[in-house]
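This is what each chain is made of:
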Amino acid sequence: QVQLVESGGGVVQAGGSLRLSCAASGGIFSGHDMAWFRQVPGKEREFVARITSSGSIEDYAASVKGRFTISRDNAKNTMYLQMNSLKPEDTAAYFCATRTSFVLGYYSSAAYNFWGQGTQVTVSS
């Protein structure tokens, strides 16, 4: 049974940093792309970053590029999102996801078939 569990969310002041983790189990980690999305109430889930199975390719949303860094440790079945220079507009529930199909682009939430339960990040001004 595939399971993704996020942790590391919290409340931080603008300009601060947080590191999110996503622990995977169920044999779905090392051979698959992983991604982070975020969502605020009333809005669609938004692409944040993705990393390929080997970690050789990273992609970021324009809104976070240069501030966030995605990484993974395949030996620990864990993915990370280092978030620096946080802004109030980064406030959202953050979800990790993985996919077993490549029909849709990596930036589309519909491309991912396994999701974590989310962790809340709140950035105060």
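Scroll up a little and you will see the structure.
Residues numbered from 1 in each chain as written. Predicted model: local features only at pLDDT ≥ 70, side-chain atom pairs only at ≥ 80, totals over all residues. Heavy atoms only, no water.

Trainee: Looking at this structure, how should I read unusual backbone geometry?
Mentor: Leave glycine aside and you will find that most residues have negative phi; peptide bonds, for their part, are mostly trans. We note that asparagine 77 has phi near 50°; this positive angle belongs to a residue other than glycine. Structurally, asparagine 77 can be placed in the loop between strand S7 (68-73) and strand S8 (78-83). Exposure remark for asparagine 77: the relative accessible area of 31% places this residue in the partly exposed category. Located in the positive-phi region is serine 85, a residue other than glycine, with phi close to 50°. The residue serine 85 is located in the loop between S8 and strand S9 (92-98) in this model. (Helix = DSSP H or I, 4+ residues; strand = E, 2+ residues; numbered from the N terminus. Buried < 20%, exposed > 50% of the residue type's maximum accessible area, 1.4 Å probe, protein only.)

Trainee: Would you take a moment to explain the side chain of glutamate 6 for this structure?
Mentor: Topologically, glutamate 6 is positioned in strand S1 (residues 3-7). No salt bridge is formed by the buried glutamate 6. Its closest oppositely charged neighbour is arginine 45, at 7.2 Å. Only 2.8 Å separates the side chain of glutamate 6 from the backbone nitrogen of cysteine 96, close enough to count as a polar contact. Among the polar contacts made by the side chain of glutamate 6, one reaches the main-chain amide nitrogen of glycine 118 at a distance of 2.9 Å. (Lys, Arg positive; Asp, Glu negative; His and termini not counted. Salt bridge = Lys/Arg side-chain N within 4 Å of Asp/Glu carboxyl O. Polar contact = N/O pair within 3.5 Å; in protein donor to acceptor, adjacent residues only side chain to side chain.)

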